[in-house]
Amino acid sequence: QVHLVESGGGLVQAGGTLRLSCAASGNIFNINVMGWYRQAPEKQRELVATIASGGNTNYAASAKGRFTISRDKNTVYLQMNSLEPEDTAVYYCYAKQYWDYWGQGTQVTVSS
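Just so you know, these numbers come straight off a predicted model, no measurement behind them.

With that out of the way, let us pick up the packing of aromatic side chains. This model, assessed by the stated rule, comprises 4 aromatic pairs. Taking the centre distance of 4.8 Å and the plane angle of 85° together, the rings of Y98 and W99 count as edge-to-face. On the accessibility criterion, Y98 (65% relative accessible area) is exposed. Following the ring pairs from residue to residue traces out a cluster consisting of Y37, Y94 and W102. Taking the ring centre of Y92 as reference, the NZ or CZ of R45 above it sits at 3.9 Å. Stacked on the ring of W102, the Lys or Arg R45 has its end atom at 4.7 Å from the ring centre.

Attention now moves to the side chain of Q97. Following the sequence through the fold, Q97 ends up in the loop between β9 (89–96) and β10 (100–102). Polar contacts involving the side chain of Q97 include one to the main-chain carbonyl oxygen of F29, which spans 2.4 Å. If sequence neighbours within four positions are ignored, Q97 has contacts with Q1, V2, N27, I28, F29, N30, I31 and N32.

This paragraph deals with the side chain of T106. With respect to the element layout, T106 can be found in strand β11 (residues 106–111). Within the structure, the side chain of T106 is placed 3.4 Å from the backbone nitrogen of G9, a separation counted as a polar contact. Apart from the residues within four sequence positions on either side, T106 is in contact with E6, G9, L20, A89, V90 and Y91.

What follows covers the nonpolar core. For soluble globular proteins, nonpolar side chains are generally found buried alongside one another. In terms of nonpolar packing, the biggest core is built from 28 residues, with L4, M34, W36, L78, M80 and Y91 touching the most fellow members. When residues of this core are traced back to their parent elements, those giving at least two are β1 (2–7), β3 (18–26), β4 (33–39), β5 (46–52), β7 (67–72), β8 (75–80), β9 and β11. In this structure, M34 is in contact with L4, C22, A24, T50, I51, I69, R71, N74, V76, C93, Y94 and A95, ignoring residues within four places of it in sequence.

The rules behind these values
Residues numbered from 1 in each chain as written. Predicted model: local features only at pLDDT ≥ 70, side-chain atom pairs only at ≥ 80, totals over all residues. Heavy atoms only, no water. Phe/Tyr/Trp six-rings, centres within 6.5 Å; stacked < 30°, edge-to-face > 60°. Buried < 20%, exposed > 50% of the residue type's maximum accessible area, 1.4 Å probe, protein only. Lys NZ or Arg CZ within 6 Å of the ring centre and 35° of its normal. Helix = DSSP H or I, 4+ residues; strand = E, 2+ residues; numbered from the N terminus. Polar contact = N/O pair within 3.5 Å; in protein donor to acceptor, adjacent residues only side chain to side chain. Contact = heavy atoms within 4.5 Å. Core = buried A, V, L, I, M, F, W, Y, C linked by side-chain atoms within 4.5 Å.

Okay, here's the thing in structure tokens:
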């Protein structure tokens with residue numbers, strides 16, 4: 001099936017920048033959508049951004065103007081600028097084929 005490997009999380013000060021990446025491997029045919037979700041402690045998992053094969057993107061309101069999602073074949077990136085403490089969460093890579101696939105999650109911590 002599809003295996004997703006994330007990287008790029010870490011600790012950054014408010015106003016700083018991080019770039020997350022996620023590489024899909026395995027049976028990578030017909031992956032229609034890739035994206036990023038996040039989950040903060042004691043909160044529900046929420047959409048951050050998605051990108052379809054044709055290039056259409058969707059962003060959460062909190063991400064618009066600060067985050068940029070991009071895709072290079074089977075690797076998806078999330079450029080995060082002007083990070084805020086409220087962005088602190090575990091970020092999960094997502095891919096849609098016939099089934100939904102999820103990465104293991106990478107921690108992003110933004111200090112005030």
